[in-house]
Amino acid sequence: MVLAKKADQAQVMNKKSTLFKLLGHPVKIIITEQAFQDADIRGGSKISSPSSYCTSGFVVKNASNVTGVATAAHCEGINTYYNPNGTSLPLSIVGSSEFKDADQDVEVHTSTGVERPEFYADVTTSARVLTGRRLRSSTAAGNQVCHRGETTGYSCGTVSLTNYKPTYANACGSVACASVWVLVDGDANTACYPGDSGGPVFASQTAFGLLKGTTASGTAKGQCTSFIYMSTDYLPTGWTLLYG
């Protein structure tokens, strides 16, 4: 099997007779324009239910070294992960990991694939390796953070509050939200919109949290007023980030 562009395919096929002479037996050449890629799980990819979609967050593990991928709990019914290369894998929710309450909006899904300690950020042709995390107590107004969402892609904003209390309807399920959410202000280069939920919030290769909610007039950059994220401090008990 040979990876070749259309312009080079005829030249490759002309090698068939030469290879036959060298090897002494029939040769079959298969040409593809798409390289093989593992059907692995990473953050920053599309995940969906039959009726909606969200974004995978960071890969996590538990004490038994079971790995999975975290996303937002309000992304209900999620059952499929989509790689940027077009392949997909079924997802299974870990029921004991699903929380939408005063300080959490998170759930974990496992798969039949390999969960990598990586996430897609500014491009989907390669992924960043996760190397660390920033606690909420170490985050301050003025910090720049970025996010990747299935709807709007990659963009960045500036932290304005680390003790934000969402008050919109059903923000924290049946209870009032605690003042532990992080509010990020948008600017002319920031985009956020529904469908980005659950996606990774980060700086370089450091995890900050999972995107919870957005205020935006559209999907283009400059139309995102702000977004909220849950700090990785509040991952479900027993689950921690998987680092590379």
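Look above for the structure.
Because the structure is predicted, anything quoted here is derived from the model rather than measured.

Undergrad: I'm lost on the packing of aromatic side chains in this one. Help?
TA: For any pair of aromatic rings, the description consists of the separation of the ring centres together with the inter-plane angle of the planes. On inspection of all chains with the given rule, the structure shows three aromatic pairs. When the centroid spacing of 4.8 Å and the interplanar angle of 50 degrees are considered together, the rings of phenylalanine 119 and phenylalanine 202 count as tilted. One end of the pair, phenylalanine 119, is in strand β12 (residues 115-119); the other, phenylalanine 202, is in strand β18 (residues 200-203), and 83 residues separate them in sequence. Relative accessible area serves as the criterion here: at 0%, phenylalanine 119 is assigned to the buried category. The buried category is assigned to phenylalanine 202, whose relative accessible area is 0%. Taken together, the ring pairs in this structure connect Phe58, Phe119, Tyr154 and Phe202 into an aromatic cluster.

Undergrad: What's the story with a nonpolar patch on the surface in this structure? I'm lost.
TA: A contiguous nonpolar patch, built from Leu19, Leu22 and Leu23 and spanning about 290 Å² of accessible area, is present on the exposed surface. Summarising the element assignment, leucine 23 is placed in helix α2 (residues 16-23). Accessibility expressed as a relative area gives 49% for leucine 23, which makes it partly exposed.

Undergrad: Sorry, what's going on with the environment of glycine 68 here?
TA: Note on placement: glycine 68 falls in strand β7 (residues 67-71). Separated by 174 residues in the primary sequence, glycine 68 and leucine 242 place their C-alpha atoms 9.2 Å from one another. With near-sequence residues (within four places) excluded, glycine 68 lies in contact with Phe58, Val59, Val60, Val108, His109, Thr110, Glu115 and Trp239.

Undergrad: Even after reading the chapter, I still don't get the nonpolar core, so can you show me in this structure?
TA: Side chains of nonpolar character tend, in soluble globular proteins, to be buried together. Membership of the largest hydrophobic core comes to 26 residues, with the highest contact counts inside it found for Phe58, Val60, Ala70, Trp181, Met230, Leu235 and Leu241. In terms of nonpolar packing, the next biggest core, distinct from the first, is built from 13 residues, Cys54, Val69, Ala72 and Leu89 among them.

Reading guide: rules and limits
- Residues numbered from 1 in each chain as written.
- Predicted model: local features only at pLDDT ≥ 70, side-chain atom pairs only at ≥ 80, totals over all residues.
- Heavy atoms only, no water.
- Phe/Tyr/Trp six-rings, centres within 6.5 Å; stacked < 30°, edge-to-face > 60°.
- Helix = DSSP H or I, 4+ residues; strand = E, 2+ residues; numbered from the N terminus.
- Buried < 20%, exposed > 50% of the residue type's maximum accessible area, 1.4 Å probe, protein only.
- Patch = residues over 30% accessible without salt bridge, like charges linked within 9 Å, V, L, I, M, F, W, Y side chains within 5 Å.
- Areas by Shrake-Rupley, 256 points an atom, 1.4 Å probe, with all protein chains shown as cover.
- Salt bridge = Lys/Arg side-chain N within 4 Å of Asp/Glu carboxyl O.
- Contact = heavy atoms within 4.5 Å.
- Core = buried A, V, L, I, M, F, W, Y, C linked by side-chain atoms within 4.5 Å.

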